[in-house]
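As a plain string of letters, each chain reads:
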Amino acid sequence: MSALSERPENAAVGLPLQHESATLHVTGAALYTDDLVGRTRDVLHAWPVQAPYARARVRELRTEPAYDVPGVVRVLTAADVPGVNDAGIKHDEPLFPTEVMFHGHALCWVLAETLEAARLGAAAVQVDYEQLPSLVSVRDAIGAGSFQGTPRRLERGDVDAGFAAAAHVFEGELEFAGQEHFYLETHGSLALVDEAGQVFVQSSTQHPSETQEIVAHVLGVPSHEVTVQCLRMGGAFGGKEMQPHGFAAIAALGARLTGRPVRLRLNRTQDMTMSGKRHGFHSRWRVGFDDGGCLVALEATLTADGGWSLDLSEPVLARALCHVDNAYWIPNISVQGRIAKTNKTSQTAFRGFGGPQGMLVIEDILGRCAPLLGLDAGELRRRNFYRPGQTTPYGQPVRHAERLDACWDGVLTSGDVRRRQQEIARFNAGSPHRKRGLAMTPVKFGISFNLTAFNQAGALVHVYKDGSVLINHGGTEMGQGLHTKMLQVAATTLGIPLSRVRLAPTRTDKVPNTSATAASSGADLNGAAIKNACEQIKARLAEVEGGDRLTWEQLVNTAYHQRIQLWAAGFYKTEGLHWDAAAMRGQPFKYFAYGVAAAEVEVDGFSGAYAVRRVDIVHDVGDSLSPLVDIGQIEGGFVQGAGWLTLEDLRWDESDGPHRGRLATQAASTYKLPSLSEMPAEFNVTLLEKAHEDGVVYGSKAVGEPPLMLAFSVREALRQAAAAFGPAGTSVDLASPATPEAVYWALDAARKADPDPTVDGVARRQPEEVSS
Amino acid sequence: MTSSPSVRVNGDQVALAGVPPHTTTLDWLRGCGLTGAKEGCAEGECGACSVLVARPGTDTPTEWTALNACLVPAAALDGQEIVTAEGLGDVSRLHPVQHELATRGGSQCGYCTPGFVCSMAAEYYRPGRGTATADEHHTADAEHGPNGFDLHALSGNLCRCTGYRPIRDAAYALDAPTDDDLLAARSSAEPPAPVATRYAVGGAEFVRPADLAEALELLAADPEAQVVSGSTDWGVEVNLRGARAATVVAVDRLPELRELEVGEDVIRLGAALSLSEIERLLAGRVPLLDAMFPQFASRLIRNGATLGGNLGTGSPIGDAPPALLALDASVVLTSRSGDRAVPLADYFTGYRTTVKAPDELIRAVELPLPLAGITAFHKIAKRRFDDISSVAVGHALDVVDGVVRRARIGLGGVAATPLRAVATEDALVGRPWTEATVRAAAEVLAGEGTPMDDHRASASYRSAMLGQSLLRLFAEHVEAEEVPA
């Protein structure tokens, strides 16, 4: 066991603690960025001028009329930028554009004494547009050859030989939607300048260091003149990894130019129409199985709809390609990935970061092909699980592959799956208008940033003379319970009660050069950095003479008087990673997280409406740092994934009408995320036992993203329930998201399907195509 | 008229001075430093802004009623009492609702949490929660806890982090309020009386007339005045579309608009009663409405929304019109020249236009008795709680001796106005209540209206859902021929 993963007795890690801010949350006392506005004097409010076209050239921008609106103080335009006019790191996202690249693109920002005045000021700005042709759908972009970034190909074995040897070959296509983050707290920043003109930005950001860098490059100042703080976020889910930077830069620019605090908070519609989302994908695939239902070859093209700029599309695509195998051994594989450039918001990170999109392709393939192979879909999945010793298509050994079986068997047992399957068959036989389905799906998800350099973290731990401890680290709190875990790690390492440790908000002047709190890596990286800092302090305290007879407080006080340094900066970098991005080969991940879910649904044949009756999950979080937090991540991730796959329906106006390119679902009233009515009626989550992960802080595993993909079980259960409306062995195509309408059309098609001639329930017919 | 409007907030009287009349209660509270309530959507969909308002109760003099603070103008609360998450408890003294949510992992990012706390507290204090008599027409089901907690109380609150399971567990773990609970004690005292308000800032005015006569005078004098009751529709216009009215007239507390009478021949529902109030006062008397209520937006919205408002906006996708059309309802319009009743089927004249004159108010909705024997309300939406219909269908049929004697079918979401499915009614009446009749009529129903494609549903799905609605009705009532009228 490594020193990093070894857990002492009576450790604070492993206790099922409530969220460290829970009592602040429930009393309304917890502060979020925009709650600071009322506590700050003389704040100016910002409002954008948003373009009403999917693509256009800005011929002229007349800001003078805005100044006629009482209360308007300043209109920010490109001319005001002292540094680089860019909101990103790839220099393809002008902060003040001259060409409109998507419907809702912000052209300039009005600052005013009140939000009302800013809004009216923005409405008064006059813009002359020259409309340009636009590409709104990924299909249009593919047709027009509109791509961006570097295409990638993941290859192993010989697909041609694989297909030649395959007993069954199917091919098909799937286009599936993206997802709006819909963090309850929209983007917000509050920027202040001090007496020397240095900028302090409070920002709802997952990546304070990058927010700092971009504010600095927009202002044309070095990074040490900009400090970014994130108190906490009201949800982020990847949507605040890249997207906050430009908004923070606007607020900072306004503060520098006016000398007054500037608040920029997007309302929901602004947030939805301006900020990036999960990438929708188009995929075309061909798959080969042997006689036993084992995958022998997969050839696919995945096209990510990147929107107007690159943002994080390249790493998202890389992760999609690295997860197209999900939990399955595919000996011969060739998957091409590319990024379409469309006139939409710039799609970005979202919990799973391409992983869900890659996995959806293979899970959809297995769900569609199982009936054609005459196999139960669960049986088909399990037959194809990785076995210990096998490697992924990019060459990484699948360590602990046996945990897939352990999770699967765990769910079979805890979910009483076999008995319920019989019950469902009986129910369906006697129920013409309502059908049930139960599906099990696995998850294997790689943990670490694909880009090796990001796998580092820092921490700052102060022990004060009275023995109280203050910790700082580079990770941000967005609800995932990172800070709770970090308090537990510090208390465990120092061997003191949790009550002696406090955590201060994330700030770039405390821990510099941090990575985004992303890729599920927050606890792994920052926990190890905090542990490192605490161990340095412990090692020094060990030198205190007679220290072993002293209480913690006495020890600390004595150490101070012996002039022993009582604070430390901790650092951690993940060892053993390497990745060749061009060749798509290497060991990008420290380890894999595993899980299995079984979902049971009931579908109404009159409408396609459905309810999730029961979900059973066994998930591998290693030795949990904080079980209540981890179970919360699993449940929340699952429901969020189910939202993406079954409910949340991003619709863009693809017509040639006057609103072409407009996001039609741009508010909570039109974009529906899961509510209490979508929660599984029965929801059982179990953490995989004996799951110690060597080489990770206190034997734990990352948990933020992997459970989201357990929600494929819901989609596949819906497919099975829809199929139950048709003759046995019906293969069902299901659109994504599987909204009630989509499920209705699927079950309607199943109802109209020709009865398949069967012998002992096994399909004789072997169609060569699922669809063209 | 009060000269210095104010609201009692968490026990303290707070002046509204200087706040523009369009300012929402949410923005006003946050400006006062009470930043617990949050803006998540500004259109009454997410509930992050939920606060408790002391309203007249149906079972106790006062009921703590959860409302969307983002929709209600602050001026509308002049003279009223509200409690926010901060007022329920603090870190050293958590309210039972706060305690359960905190300890069970009911908050992750915490942003939606103060709203959940308030919605949950309203249900915690609901008179008779957990007693059989109060829940008589709500038999125990998957949406009620062992403690009588009705999950619909949280149907207007969204959480993006938890997946809701720990929130449900917290709700179901709540005991009854203790004897020394101040808010529970407050319920036994009279609610704050409505306060006539005339409040003007910066050329905009909010008026709460003292009585109906004054309201009608105001409308006659100013046909442009914006009438609001629960403000669940107007609030969205203000927040999302920048609507501003020179004069807003609030009618939701006018006693003449808040009567509910069950007579021999007619049930009369006051236009300014909230849907929640109607639901409780009718107590299951109108099964079709009882089928509609849980599907109408969310509890938070139903606590503010009124039938008058739902009909007043003239929206083609309101949920009440299809139900009321099936019930053969009439709308009672009132003006200085008196009352007139208009059959609802004649009320809508076009997209968001009606026969109501600018100087008229909707006073009540009348349902003729007896009610039909077979009724149903079918709403098609993406989400079961708190969604807007892509199609809504109200059915009311009388089947006597196996023959359909009378049929009323109301449709929403398939045309510029709500409408009656007259051709389908004709295809049913006088024919035997059989699968053959229903299949033929379902074909007719699928052809009613002029449904369109939009982000909620395709036109073909909408049409299919109309036909399927009748098939479902038959499947669910195939043995129900002899229901006495």
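Residues numbered from 1 in each chain as written. Chains lettered and ligands numbered in written order. Predicted model: local features only at pLDDT ≥ 70, side-chain atom pairs only at ≥ 80, totals over all residues.

Things to note about the overall build of chain B
What counts is decided by this rule: In this description a helix means any DSSP run of H or I spanning at least four residues, a strand means any run of E spanning at least two, and both kinds are numbered starting from the N terminus. We take the radius of gyration over the C-alpha atoms and set the globule estimate at 2.2 Å times the residue count to the 0.38 power. Remark: C-beta atoms are placed from the backbone, and a residue is labelled buried if 20 or more other C-beta atoms sit within 10 Å of its own, exposed if 12 or fewer do, or partly exposed between those counts. For the purpose of contact definition, each residue receives a C-beta atom placed from its backbone, and two residues are in contact when these atoms lie within 7 Å.
Along the backbone of chain B there are 16 helices and 20 strands. For chain B, the C-alpha radius of gyration of 23 Å lies close to 23 Å, the compact-globule estimate for 485 residues. Projected onto its principal axes, the C-alpha positions of chain B cover 65 × 55 × 45 Å. Counting only residues that meet the buried cut, chain B has 60% of its 485 residues in that class. Within chain B, contacts between residues separated by at least 24 positions form 69% of all contacts whose residues are at least 6 apart in sequence.

Quick look at the overall build of chain A
Check the secondary structure of chain A and you find 19 helices and 28 strands. Here chain A has a C-alpha radius of gyration of 27 Å; the compact-globule value for 772 residues is 28 Å, and the two agree. Principal axes of the C-alpha set define a box for chain A whose edges measure 85 × 75 × 45 Å. When each of the 772 residues of chain A is scored for burial, the buried share is 64%. The long-range fraction of contacts in chain A, counting pairs at least 24 apart against all pairs at least 6 apart in sequence, stands at 82%.

Examining the interface of chain B and chain A
What counts here: Ten residues, namely Ala, Val, Leu, Ile, Met, Phe, Trp, Tyr, Cys and Pro, are considered nonpolar, four, namely Asp, Glu, Lys and Arg, are considered charged, and the remaining ones, Gly among them, are considered polar.
On the chain A side, the residues contacting the 67 residues of chain B number 62 residues. At the level of elements, α1 (25-31), α2 (85-88), α3 (96-103), α4 (113-124), α5 (165-172) and α16 (459-476) of chain B are the ones that each hand at least two residues to the side of chain B that touches chain A. The leading source of residues in the side of chain B that touches chain A is α16 of chain B, at 6 residues. Partitioned by chemical class, the residues of the side of chain B that touches chain A number 31 nonpolar, 21 polar and 15 charged.

Things to note about unusual backbone geometry
Most peptide bonds are trans, and most residues other than glycine sit at a negative phi. That bond from Ser736 of chain A to Pro737 of chain A is cis: its omega, 5 degrees, falls within 30 degrees of zero. Inspection of the secondary structure puts Pro737 of chain A in the loop between α18 (712-723) and α19 (740-752). Pro370 of chain B follows Leu369 of chain B through a cis peptide bond whose omega is 0 degrees. Here Pro370 of chain B lies in the loop between β16 (361-368) and β17 (374-380).

Quick look at the domain arrangement of chain A
Residues and elements named next belong to chain A. Applied cut-off: The domain limits used here are those given by an automatic or database domain assignment.
Each assigned domain of chain A is listed with its residue range as follows: domain 1 (40-133 + 181-274), domain 2 (394-449 + 589-772) and domain 3 (456-573). For domain 2 and domain 3, the distance between their C-alpha centres works out to 40 Å. With 3 residues, helix α17 (residues 627-646) is the single largest residue contributor to the side of domain 2 that touches domain 3. Across the side of domain 2 that touches domain 3, the residue classes tally to 10 nonpolar, 6 polar and 1 charged.

Notes on the pairing of strand β26 (residues 682-687) of chain A
Side chains on a regular strand alternate between the two faces of the sheet. All names here are of chain A. Operational definition: Only when DSSP finds a minimum of two bridges between them are two strands counted as paired. With strands facing away from the observer, any crossover in which the path from the first strand over the helix to the second runs clockwise is taken as right-handed.
Burial along β26 is one-sided: Phe683, Val685 and Leu687 are buried, while Glu682, Asn684 and Thr686, pointing the other way, are not. Sheet topology note: the strand β25 (residues 610-619)/β26 ladder contains 6 bridges and is parallel. Across the sheet, Val618 pairs through a bridge with Thr686, a residue of β26. With α17 bridging β25 and its parallel neighbour β26, the resulting β-α-β unit is right-handed.

A word on the UniProt feature "domain: FAD-binding PCMH-type" (unreviewed entry) in chain B
For the record, the criterion: UniProt positions are given in the numbering used here, feature names are shortened, and annotations may be inferred rather than shown by experiment.
Feature annotation in UniProt assigns "domain: FAD-binding PCMH-type" (unreviewed entry) to the following positions: residues 199-372 of chain B. Structurally, residues 199-372 of chain B comprises 28% helix and 28% strand, and the distance from its first C-alpha atom to its last is 47 Å.

What about the nonpolar core?
For the record, the criterion: Core membership is restricted to buried Ala, Val, Leu, Ile, Met, Phe, Trp, Tyr and Cys residues, and these are joined into a nonpolar core through C-beta atoms within 7 Å.
Within the largest apolar cluster, 400 residues are counted, with the highest numbers of intra-cluster contacts made by Val110, Ala251, Ala490 and Ala722 of chain A. Considering every element that reaches this core, the biggest residue donor is strand β24 (residues 591-604) of chain A, with 10 residues.

Re the UniProt feature "domain: Aldehyde oxidase/xanthine dehydrogenase a/b hammerhead" (unreviewed entry) in chain A
This chain's UniProt record puts "domain: Aldehyde oxidase/xanthine dehydrogenase a/b hammerhead" (unreviewed entry) on residues 27-133 of chain A. Secondary structure across residues 27-133 of chain A comprises 14% helix and 32% strand; the distance between its end C-alpha atoms is 51 Å.

Some points on helix α8 (residues 234-241) of chain B
Residue and element names in this part refer to chain B. For α8, the full list of buried residues reads Trp234, Gly235, Val236, Val238 and Asn239. Looking at the buried positions of α8, the neighbouring elements they touch are β8 (226-228). Positioned one or two residues after α8, Gly242 has a phi angle of 65 degrees, which is positive.

Some details on the packing of α3 of chain B against α4 of chain B
All names here are of chain B. Which entries qualify depends on this criterion: Helix axes are fitted to C-alpha atoms over the stretch in contact, other axes to C-alpha atoms as well, and angles between N-to-C directions run from 0 to 180 degrees. In what follows, roughly perpendicular refers to angles from 65 to 115 degrees, roughly parallel to angles under 35, roughly antiparallel to angles over 145, and oblique to any angle outside these ranges. Two helices cross in a left-handed way if the nearer one is turned anticlockwise from the farther one by less than a right angle. They cross in a right-handed way if the turn is clockwise.
Interhelical geometry of α3 versus α4 gives an angle of 130 degrees and a closest axis separation of 9 Å. Judged by the angle between their axes, α3 and α4 are oblique. Seen along the crossing, α3 lies across α4 with a hand that is right-handed. In this structure, α3 contributes Pro96, Val97, Gln98 and Leu101 to the contact, and α4 contributes Thr113, Phe116, Val117, Met120, Ala121 and Tyr124. Residues that form the contact of α3 with α4 fall into these classes: 8 nonpolar, 2 polar and no charged.

Digging into the sheet that holds strand β20 (residues 506-507) of chain A
Residues and elements named next belong to chain A. The strand order across the open sheet formed by 8 strands is β3-β5-β1-β12-β9-β10-β11-β20, and the pairing between neighbours is mixed. Each edge of the open sheet is held by one strand with a lone partner, namely β3 (72-76) and β20. Two strands pair when backbone bridges link them, and strand β9 (residues 188-193) and strand β12 (residues 262-265) are joined in this way by 4 bridges, in the antiparallel orientation. Bridge assignment links Gly188 to a residue of β12, and that residue is Arg265. The strands that helix α3 (residues 115-124) touches are β1 (44-50), β3 and β5 (106-112); relative to β1, the one it contacts most, it runs at about 25 degrees. Against the sheet, helix α7 (residues 244-258) touches β1, β3, β5, β9, β10 (199-203), β11 (226-230) and β12, its axis set at about 30 degrees to β9.

Topic: the sheet that holds strand β7 (residues 147-156) of chain A
All names here are of chain A. The sheet built from 5 strands is open, its strands ordered β7-β15-β14-β13-β8 with mixed pairing. Strands at the two margins of the open sheet, each flanked by one partner only, are β7 and β8 (168-176). Direction aside, the axes of adjacent strands within the sheet are offset by 5 degrees on average. Here β8 pairs with strand β13 (residues 281-289) via 9 bridges, running antiparallel. Bridging across to β13, Glu175 finds its partner in His282.

Overview of the environment of Val262 of chain A
All names here are of chain A. Inspection of the secondary structure assignment puts Val262 in strand β12. Here the alpha-carbon distance between Val262 and Ala248, two residues 14 residues apart in the chain, equals 9.7 Å. Leaving out residues up to four positions away in the same chain, Val262 has contacts with Leu44, Ala46, Leu111, Ala191, Ala251, Gly254 and Ala255.

Points about the packing of α18 of chain A against α19 of chain A
All names here are of chain A. Across the interface, α18 lies against α19 with an axial gap of 8 Å and an inter-helix angle of 35 degrees. When the axes of α18 and α19 are compared, the crossing they make is right-handed. Residue-level contacts link Leu718, Ala722 and Ala723 of α18 to Val743, Ala746, Leu747 and Ala750 of α19.

What about helix α15 (residues 522-541) of chain A?
Stated formally: By definition here, a helix of n residues has an expected span of 1.5 Å times n minus one.
Here α15 of chain A contains 20 residues, and its C-alpha end-to-end distance of 28 Å stays within 8% of the 28 Å for a straight helix at 1.5 Å per residue. Within α15 of chain A, 15 of the 20 residues are buried, leaving the element largely enclosed by the surrounding structure.

Observations regarding the environment of Ile388 of chain B
Positionally, Ile388 of chain B belongs in the loop between β17 and β18 (391-400). With 91 residues separating them in the primary sequence, Ile388 of chain B and Ala297 of chain B have C-alpha atoms 7.1 Å apart. Apart from the residues within four sequence positions on either side, Ile388 of chain B is in contact with Ser669 of chain A together with Ile317, Ala381 and Arg456 of chain B.

With respect to the confidence of the model for chain B
Residue and element names in this part refer to chain B. Using the following cut-off: One confidence number per residue, pLDDT, is output by the predictor and ranges from 0 to 100.
The predicted model of chain B has a mean per-residue pLDDT of 94, with 96% of residues at 70 or higher. Under a pLDDT of 50 for its full length, residues 132-138 has, in the predicted model, 11 contacts with residues more than four places off or in other chains. With pLDDT under 50 throughout, residues 480-485 is counted as low confidence; its partners more than four residues away or in other chains account for 12 contacts. Among the prediction metrics, the complex's ipTM stands at 0.96, with pTM recorded as 0.96.

So, the environment of Trp308 of chain A
Residue and element names in this part refer to chain A. With respect to the helices and strands, the residue Trp308 is situated in the loop between β14 (295-305) and α9 (313-322). Along the primary structure Trp308 and Gln347 are separated by 39 residues, whereas in three dimensions their C-alpha atoms are 8.1 Å apart. Ignoring anything within four residues of it in the chain, the contact list for Trp308 reads Met101, Phe102, Asn343, Lys344 and Ser346.

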